[in-house]
Every structure is written in C-alpha cells, then in structure tokens.
Amino acid sequence: MGLVTPELGTFIWMLLAFAIVLFILKKFAWKPILSALKEREDSIEGALRSAERAKEEMAALQADNERILQEARKEREAMLKEAKEMGSKLVSEAKQKATLEADKVIESARINIESEKSAALNEIKAQVALLSVEIAEKILRQQFADDQQQKDYFKKLMDEVKLN
C-alpha cells in the first residue's frame, strides 16, 4: 500500500526527478520535437496544397478533354457530312456521264439507222427503177411486135424531143 499512498520524501524526489527530466527535455529535446512537428505540419500542409492543385489541374484537364472530345465529334460530323456530299456528287456526276454516254449511243444508233434506211430506200428505188424498165421493155416489145411500128414510134419520139 506504500506505492498507492507515497510519503512526502518520495513525493519530493519524484517531483525533483520530474522537474530535472522536464528541464533536460525542454533544453535538448523540446526544440527538435517541436521543429519535427512543425516540419511534419508543413509537409502535410504542402501535400494538401499539392493535392488541391492536382485536383484543380485534373478538373482543368478534364474540362480540356471534354472540349477536345466535343471538337473531335464536331470534326467527325463535318467529315461525315463532307463525305456524304462528295459521295452524292460523285453519284450525280456518274449519272450525268452515263446519261451523256447513253444519249451519244442513242444518237449514233439513230444516225446509223437513218443511213441504213437511206441506203435501203436507195436500193429499193434502184430495184423499182430496174423493174419498171424491164416491165416497160416487155410492154413495149409486146406492143410493137413488128419493126415498122417500132420505127414509127421512134420517129414520133424524136420529133417530140426536137420540139422541146
């Protein structure tokens, strides 16, 4: 029970030992402990500021990334629109070229048909003329069976030619 209720002498020695330890700590250890605590506080505060700056930079980077994404989307849409327009233009040009080529082919075929038609008509006319001459010759032979009739008709034709 002596430890729980110390005597006055023990109490004074304990108080003196505590005061000496407190003085030694204050003289030699208190400043380094306080400076270490101050350094620790400063480093924690610096780390918090760095973290806050990093957070702000991340927010700025995120905003920049969002802006860049929006620009990329707009550019992609513009490129797609341009590609569609170019495709439509190419299709339109191809249609025009095909129409022109078809018109040329049709015109060429029409000209060819016209020339073939003219050639066929000329050939038919020549055939008709030849047949007409042959028919007329046969009719005249039959009509002028004797030589005297032929000579008289020939003389009559010559007289008409001279008159004209």
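Residues numbered from 1 in each chain as written. Predicted model: local features only at pLDDT ≥ 70, side-chain atom pairs only at ≥ 80, totals over all residues. Heavy atoms only, no water.

### Some points on the overall build of the protein chain
Argument step 1. Helix and strand counts for the protein chain stand at two helices and zero strands.
Argument step 2. Its C-alpha radius of gyration of 64 Å places the protein chain more than 25% over the 15 Å reference for a compact globule of 164 residues.
Argument step 3. Considered along the principal axes of its C-alpha atoms, the protein chain spans approximately 195 × 40 × 15 Å.
Argument step 4. Taken as two groups, the 27 positive and 29 negative side-chain charges of the protein chain have centres that lie 5 Å from each other. (Helix = DSSP H or I, 4+ residues; strand = E, 2+ residues; numbered from the N terminus. Rg over C-alpha atoms; globule rule 2.2 N^0.38 Å. Lys, Arg positive; Asp, Glu negative; His and termini not counted. Charge placed at Lys NZ, Arg CZ, Asp CG, Glu CD.)

### Describing the environment of E41
Argument step 1. You can see E41 is positioned in helix α1 (residues 8-143).
Argument step 2. In this structure the C-alpha to C-alpha distance between E41 and A51, which are ten residues apart in sequence, comes to 15 Å.

### Notes on the UniProt feature "coiled-coil region" (unreviewed entry) in the protein chain
Argument step 1. Under the UniProt annotation, "coiled-coil region" (unreviewed entry) lies at residues 34-89.
Argument step 2. End C-alpha to end C-alpha, residues 34-89 measures 80 Å, and it is 100% helix and 0% strand. (UniProt positions renumbered as here; feature names shortened; annotations may be inferred.)

### Topic: the UniProt feature "transmembrane region" (unreviewed entry) in the protein chain
Argument step 1. Taken from the UniProt record, the annotation "transmembrane region" (unreviewed entry) applies to residues 12-30.
Argument step 2. Regarding residues 12-30, the helix share stands at 100% and the strand share at 0%, and the terminal C-alpha atoms are separated by 24 Å.

### Re the pattern of salt bridges
Argument step 1. A complete count under the given rule lists five salt bridges for this structure.
Argument step 2. Across the pair E45 and R49 runs a salt bridge, and its minimum N-O distance is 3.9 Å. Of the two residues, E45 and R49 are both situated in helix α1; the distance of four residues between them amounts to about one turn of the helix.
Argument step 3. For E45, a relative accessible area of 39% translates into the label partly exposed.
Argument step 4. Three or more residues joined by partner-sharing salt bridges are found here, namely D64, R67 and E71. (Salt bridge = Lys/Arg side-chain N within 4 Å of Asp/Glu carboxyl O. Buried < 20%, exposed > 50% of the residue type's maximum accessible area, 1.4 Å probe, protein only.)

### A closer look at the environment of I33
Argument step 1. Counting through the fold element by element, I33 comes out in helix α1.
Argument step 2. Taking the C-alpha atoms as reference points, I33 and D152, separated by 119 residues in sequence, lie 165 Å from one another.

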